[in-house]
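What follows is each chain in one-letter form.
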Amino acid sequence: MPSVVVVGAQWGDEGKGKATDQLGDRVDVCVRYSGGNNAGHTLVVGGEKFILHLLPSGILNPGTTTVIGNGVVVDLDVLAEELHVLASRGVDVPHPLISANAHIITEYHKVLDKVTERFLGKRRIGTTGRGVGPCYSDKVNRLGIRVQDILDESILRQKVEAALDQKNQLLVKVYNRREIIAEEVVQALLKHADTIRPHIVDSGRYVNDALDAGKVVLFEGAQAHHLDVDQGTYPYVTSSNPTAAGATTGGGVGPTRIDRTIGIAKAYTTRVGEGPFPTELFDEDGEKLRTIGAEFGATTGRPRRCGWFDAVLVEQAVKINGFTDIFLTKLDILSGWDKIPVCVAYDVDGVRHDVMPMTQSEFHHAKPVYEYLDGWTEDISGCRSFDELPPTCQAYVRRLEELIGCRISGIGVGPGREQSVAIHDLI
């Protein structure tokens, strides 16, 4: 049976939750492989909206085992709160399995995230202040606290004290903040020990055993390709690898075990935070996209920057991730425009670029070259097959396929779980 990786093809907020939830009924194991609670995905099930930040989206599918992989950084308070909120709304879900090797976000990570961002001023990255970046920094610097460490109080205390020996110097002497007490951090983590102890696993072995048993495994990351720390629009990126390759390291499987890679792309483009955005709109069209599309961050509530579909941006993601399919979301939002611009190239200081420019400076100066496609006025939210879509809407989808070099296998035409058009089977 197949293993499938789902990756955002733009700058996040593409609707990965909706796409993975669509697949979920046929998925045995859903693995979150990157990021932390600095991203959110919104699911609409039975008319109810659920916003999750850390839990894998497959958590709402009965019969699906969810796994928080070793590539994720975990805020145990957030994990507990999300499970509590679901239970309070009458949603009975099993506790996810958690990799013993996943790193834990502590209070000092969150403090450092916020004070560092303020310190940067105009050079800020636009982080959510959730402590994700500092936690990944500690991981790379070999100062991190892992989930398995809360199983041994002595080891946990030693690691927290060692980390704070360094960080308190920075907080007090550079940022003029009070020092953080190690024992308070230790106790804040230990309060979760009894709850999560039964669910801590060797996630890599668990997932590989599931594949050996013929189970369908879905890997989902946070954020998206162009926020990847290696492949994205650096430095305005996240601290992990949400690309398809990240599923192997963050999920604990070899590359030969991946069968399909599905890119999720919105029918237009959005971005949260700082960084270049060639097709960004500052006019009535941008505000219309934001309003109709409800483009406000699931994690922060920040209004998203909006612009037209950027085929150059998505084609780069197709190329690097090796997408076998694209799931196009929120196509219904484009109903009502007479002409719909699509970015097919960039103009960089008078030079046309048909693919992503190599350097940060070139991309910063990129201006969109648009092709104008016929729009449609019909409400497509009730369409369930490609043939039911208006002819100009079909033409829009087919033109995007040509530009990005990948087939579009599914289309989202509304927020509801059932509001999708299937063109090709994704599993």
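Quick caveat, the model's predicted, so the values are computed rather than measured.

Draft legend 1. Just the overall build of the protein, in detail. When its secondary structure is counted, the protein shows 13 helices and 20 strands. For a compact globule of 427 residues, the expected C-alpha radius of gyration is about 22 Å, and the protein comes in at 22 Å, within 12% of that figure. Seen through its principal axes, the protein has C-alpha atoms that stretch 65 × 50 × 40 Å. A total of 427 residues make up the protein; the buried ones form 58% of that total. Long-range pairs, those at least 24 residues apart, make up 74% of the contacts in the protein between residues at least 6 apart in sequence. Summed over its atoms, the accessible surface of the protein is roughly 17,700 Å², and 50% of this surface lies on carbon and sulfur atoms.

Draft legend 2. Region of the structure containing the pairing of strand S15 (residues 325-329). With five of five residues buried, S15 is to be regarded as a mostly interior element. On S15, burial covers both faces: Asp 325, Phe 327 and Thr 329 on one face and Ile 326 and Leu 328 on the other are all buried. Summarising the sheet, strand S11 (residues 260-266) and S15 pair through five bridges and their orientation is parallel. Looking at S15, one finds that Ile 264 is bridged to Phe 327. As judged from the three bridges shared by S15 and strand S19 (residues 408-412), these two strands associate in the parallel manner. Each bridged residue has a counterpart across the sheet, and for Phe 327 the counterpart in S19 is Gly 410.

Draft legend 3. Local environment of the UniProt feature "binding site: Mg(2+)" (unreviewed entry) in the protein. Mapped onto the present numbering, the UniProt feature "binding site: Mg(2+)" (unreviewed entry) falls at Asp 13 and Gly 40. In three dimensions, the annotated residues from a span of 28 residues occupy one location, with a maximal C-alpha spread of 7.9 Å. In this fold, Asp 13 is placed in the loop between strand S1 (3-8) and helix H1 (16-24). Other than its neighbours up to four places away in sequence, Asp 13 contacts Lys 266, Thr 270, Val 272 and Arg 304. Owing to a relative accessible area of 22%, Gly 40 belongs among the partly exposed residues under this scheme.

Draft legend 4. Seen up close, unusual backbone geometry. Note the cis peptide between Tyr 234 and Pro 235, where omega equals 10 degrees. Residue placement: Pro 235 occurs in the loop between strand S10 (217-220) and helix H9 (246-251). One non-glycine residue, Ala 294, lies in positive phi territory at about 50 degrees. When you line up the elements, Ala 294 lands in the loop between helix H10 (284-292) and strand S13 (305-307). Positive phi, close to 60 degrees, is recorded for Lys 330, a residue that is not glycine. Note that Lys 330 resides in the loop between S15 and strand S16 (339-348). Relative accessible area serves as the criterion here: at 22%, Lys 330 is assigned to the partly exposed category.

How each quantity is defined
Residues numbered from 1 in each chain as written. Predicted model: local features only at pLDDT ≥ 70, side-chain atom pairs only at ≥ 80, totals over all residues. Heavy atoms only, no water. Helix = DSSP H or I, 4+ residues; strand = E, 2+ residues; numbered from the N terminus. Rg over C-alpha atoms; globule rule 2.2 N^0.38 Å. Buried < 20%, exposed > 50% of the residue type's maximum accessible area, 1.4 Å probe, protein only. Contact = heavy atoms within 4.5 Å. Areas by Shrake-Rupley, 256 points an atom, 1.4 Å probe, with all protein chains shown as cover. Pairing = 2+ DSSP bridges. UniProt positions renumbered as here; feature names shortened; annotations may be inferred.

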